[in-house]
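Report on the structure
This is what each chain is made of:
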Amino acid sequence: MSSQTGPHENVSDENLPSAQEKAHGAVAVKDDPFADPGLPPHEHRIQDIDEGAARRSERVVAFLFTLSMLATVAFIASFVAFPIDKIIYVWPLGHISALNLALGLTLGVALFCIGAGAVHWARTLMSDEEMIDERHAVAAEPEVREKVLADFKQGAKESALGRRKLIRNTMFGAVALVPLSGVVLLRDLGPLPEDKLRHTAWKKGKLLVNENTNEPLRPEDIAVGSLTFARPEGLEHHDEDFQNEIAKAALMLVRLEPKDIKDKRELDWSHEGIVAYSKICTHVGCPVSLYEQQTHHVLCPCHQSTFDLSDGARVLFGPAGHPLPQLNISVNKDGYLEAQGDFAEPVGPAFWERG
């Protein structure tokens, strides 16, 4: 049997590892140059023996979590404080978007402080004592599960999460606020339309300006049977938002004989037979521009929707869903045509009536 003892047959008791060495993981034979040195003796941290130091570490962690919360609030406030088109110079980055810089800095600080707070918490306040645990089968036995649960409870106790309420509460606050950054990012999908699509640049007292001459219109400038295009006073071609505004405020004026106007409201909202209607087709928003003088019909060139300007601009033919909105007009004390308010209905395709 001695021939089967293998390489350990000459190992004496004095070469066997002691209990202390086993406890520190030193299981190799003495005088073996490749011996496992095991774990070094555990050294207590200052926080383990000095409650004052532990409280200072607690305040540091709480400060980091609080700073994360403030950075998250600053991230959200940046959306309001900085316009999307504001460019600033930052050395050495050069000219960059103020909004992007603010969002990047505040979100970076918020995430970094959560991570730094968690690391500092783990390194200074949670238990750092090394433990040796034997490997076990993948399928855990009931005893093992009980041990895991006990270890978890012990870890929770050692983390002092229940006792260190300041850390716990500030951590919860920081982690709860950070996801709000993602919610605010939904703004980048586009600004909310609110009720802007229901309103245009027209309002009470706005003069009607001739689109071709850029001069305010008088009743005598519009002849019977003519078609004139107008825009609101103050809306200029060089304005940054001109295209967006004119797409809703474009106006066409036609002078009819008052006796030819069939719709009562149309007659009440006209001046000496001059009627003002939106130039934007209610089908897909094309500009209505073809006028039949004899029938008082206007035609959209895109899909041939036809409107009767003598009868409330009702739809006679084509895919348009509803009549063209009419603008109530009158004459001011200086003899110029002016609006009495905005369009009574949403301008453009019928889709916006469901908005």
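Keep in mind that this is a model prediction, so the values were computed, not measured.

A closer look at the UniProt feature "transmembrane region" (unreviewed entry) in the chain
The UniProt feature table records "transmembrane region" (unreviewed entry) at residues 60-84, 96-122 and 166-186. Secondary structure content for residues 60-84 is 88% helix and 0% strand, while the C-alpha to C-alpha distance between its ends is 36 Å.

Re the nonpolar core
Side chains of a nonpolar character, in soluble globular proteins, are inclined to be buried together. With 22 residues, the main nonpolar core has W202, L208, L251, L253, L327, I329 and L337 as its most contacted residues. Looking at this core, the elements that each hand over two or more residues are α8 (242-249), β5 (251-255), β6 (274-278) and β13 (337-339). Of all the elements, α8 adds the most residues to this core, at 3 residues. For I329, the contacting residues outside a window of four places in its chain are L208, L253, W269, S270, H271, I274, A276, E338 and Q340. Among the nonpolar cores identified, the runner-up in size contains 17 residues, and V275, C286, Y291 and A320 belong to it.

What about the state of the cysteines?
Inspection of every chain in the model, using the stated rule, returns 1 disulfide. For C286, the disulfide goes to C302, at an S-S distance of 2.3 Å. Here the S-S torsion is close to -105°, and the disulfide linking C286 with C302 is therefore left-handed. Remark: C302 occurs in the loop between β8 (297-299) and β9 (306-308) and C286 occurs in the loop between β6 and β7 (290-292); sequence separation between them is 16 residues.

Some details on the confidence of the model for the chain
Looking at the chain, pLDDT values average 84 and 87% of them are 70 or higher. The low-confidence segment residues 1-12, where pLDDT is below 50, has 2 contacts with residues more than four positions distant or belonging to other chains. Low pLDDT, under 50, characterises residues 23-28; the stretch is placed with 17 contacts to residues that sit more than four places away or in other chains.

Here's the deal with the pairing of strand β10 (residues 314-317)
The pairing of β9 with β10 spans 3 bridges and is classified as antiparallel. The partner of F307 across the bridge, within β10, is V315. What sits between the antiparallel neighbours β9 and β10 is a turn of 5 residues, in which G312 has the positive phi angle 70°.

Quick look at the sheet that holds β10
Pairing is antiparallel in the open sheet, where 4 strands are placed in the order β7-β8-β9-β10. Each end of this open sheet is capped by a strand with a single partner; those strands are β7 and β10. Mean inter-strand twist for the sheet, computed between neighbouring axes without regard to direction, equals 30°. By the bridge criterion, 3 bridges tie β8 to β9 in an arrangement that is antiparallel. Within the sheet, the bridge partner assigned to V298 lies in β9 and is F307.

Calculation criteria
The residue numbers shown here count from 1 along each chain, following its written sequence. Per-residue local features of the predicted model are confined to residues with pLDDT of at least 70, and side-chain atom pairs are confined, for both listing and counting, to 80 or more; whole-chain, interface and lining totals are unaffected and use all residues. Only heavy atoms go into the side-chain values, all of them from the structure, while hydrogens and water stay out. UniProt positions are given in the numbering used here, feature names are shortened, and annotations may be inferred rather than shown by experiment. Only DSSP runs of H or I with at least four residues qualify as helices, and only runs of E with at least two residues qualify as strands; both kinds are numbered from the N terminus onward. In these notes, a set of buried Ala, Val, Leu, Ile, Met, Phe, Trp, Tyr and Cys residues joined through side-chain atoms within 4.5 Å is what counts as a nonpolar core. Three exposure classes are used, based on accessible area relative to the maximum for each residue type with a 1.4 Å probe and protein chains only: buried under 20%, partly exposed in between, and exposed over 50%. Two residues qualify as a contact provided that any one of their heavy atoms is within 4.5 Å of a heavy atom in the partner residue. Disulfide: a pair of cysteine sulfur atoms within 2.5 Å of each other. pLDDT measures the predictor's confidence residue by residue and takes values from 0 up to 100. DSSP calls a pair of strands paired once it identifies at least 2 bridges connecting them. The axes are straight lines fitted to the C-alpha atoms, using for helices just the contacting stretch, and the angles between their N-to-C directions are given from 0 to 180°.

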